[in-house]
Amino acid sequence: MMMRGMNMQGMLKQMQKLQKNMKADQDKLNETVFEGHSANDIVVVKFTGDRKMTDISIKEEAVDPDDVDMLQDLVIMAVNDAMDKINEETQRTMGKYSQNIPGF
């Protein structure tokens, strides 16, 4: 009976450590800056890991009043590129936690 009590305490400590590590990794991810690029880097966006845009840079040649659609497409391309990078890094960083938790 005493062994079972010790085992539960050990598991609880492990869970607390895991939660602390998860939070640290999530915080680090949220602070990381990800750049998304369109074709030829005409549009470059920056996002933090928690998907907040912090910057956008648009080269002058993209600003054509007769072709607004192209600029919109380039912005979408750059944003999607950044989102893909954030998703990949989130999976790489946080995926290890869900692999160890039953039911996830």
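Our structure is the block above this text.
Because the structure is a prediction, the values reported are computed rather than measured.

Caption draft 1: Quick peek at the overall build of the protein. What the protein contains, in helices and strands, is 2 helices and 3 strands. Its helices and strands in sequence order give the protein the pattern α-β-β-β-α, from N to C terminus. Out of the 104 residues in the protein, the part that is buried amounts to 21%. A fraction of 49% describes how many contacts in the protein between residues 6 or more apart in sequence connect residues 24 or more apart.

Caption draft 2: Looking closely at the pairing of strand 3 (residues 53–58). Relative to strand 3, strand 2 (residues 43–48) runs antiparallel, the two being bridged by 5 bridges. Looking at strand 3, one finds that Val 43 is bridged to Ile 58. Linking strand 2 to strand 3, which pair antiparallel, is a turn of 4 residues; within it Arg 51 sits at a positive phi near 65°.

Caption draft 3: Quick look at the side chain of Thr 93. Mapped onto the elements, Thr 93 comes out in helix 2 (residues 68–99). Residues in contact with Thr 93, not counting those within four places in the same chain, are Asp 25 and Leu 29.

Caption draft 4: Up close: the pattern of salt bridges. All chains considered together, the criterion is met by 5 salt bridges. Taking the shortest distance from any N to any O, the salt bridge between Asp 25 and Lys 96 comes out at 3.3 Å. Linking Asp 25 in helix 1 (residues 2–31) with Lys 96 in helix 2, this pair joins segments that are 71 residues apart in sequence. Assessed through its relative accessible area of 40%, Lys 96 is described here as partly exposed.

Caption draft 5: Molecular detail of the sheet that holds strand 3. Taken together, the 3 strands give an open sheet; going across it, the order is 1-2-3, and neighbouring strands pair in antiparallel fashion. Of all the strands in the sheet, the pair left with one neighbour each is strand 1 (33–37) and strand 3. Sheet twist, expressed as the mean angle between neighbouring strand axes with direction ignored, is 15°. With respect to the sheet, helix 2 is in contact with strand 1, strand 2 and strand 3, its orientation differing from that of strand 1 by roughly 140°.

Caption draft 6: Summary view of helix 2. Given a rise of 1.5 Å per residue, 32 residues ought to cover 46 Å, and the 45 Å separating the end C-alpha atoms of helix 2 matches this to within 8%. The sharpest bend along helix 2 comes to roughly 45°, located at Thr 93. Along helix 2, the residues that are buried comprise Leu 74, Ala 78, Ala 82, Met 83, Ile 86, Thr 93, Met 94, Gly 95 and Tyr 97.

Caption draft 7: Main features of unusual backbone geometry. Although it is not a glycine, Asp 41 sits at a positive phi angle of roughly 55°. For Asp 41, the location among the structural elements is in the loop between strand 1 and strand 2. Despite not being glycine, Arg 51 has its phi angle at roughly 65°, a positive value. With respect to the secondary-structure elements, Arg 51 resides in the loop between strand 2 and strand 3. Relative accessible area serves as the criterion here: at 39%, Arg 51 is assigned to the partly exposed category.

Criteria and cut-off values
- Residues numbered from 1 in each chain as written.
- Predicted model: local features only at pLDDT ≥ 70, side-chain atom pairs only at ≥ 80, totals over all residues.
- Heavy atoms only, no water.
- Helix = DSSP H or I, 4+ residues; strand = E, 2+ residues; numbered from the N terminus.
- Buried < 20%, exposed > 50% of the residue type's maximum accessible area, 1.4 Å probe, protein only.
- Contact = heavy atoms within 4.5 Å.
- Pairing = 2+ DSSP bridges.
- Salt bridge = Lys/Arg side-chain N within 4 Å of Asp/Glu carboxyl O.
- Axes fitted to C-alpha atoms, helices over the stretch in contact; angles between N-to-C directions.
- Expected span 1.5 Å × (residues − 1).
- Bend = angle between axes of the 7 residues up to and from the residue.

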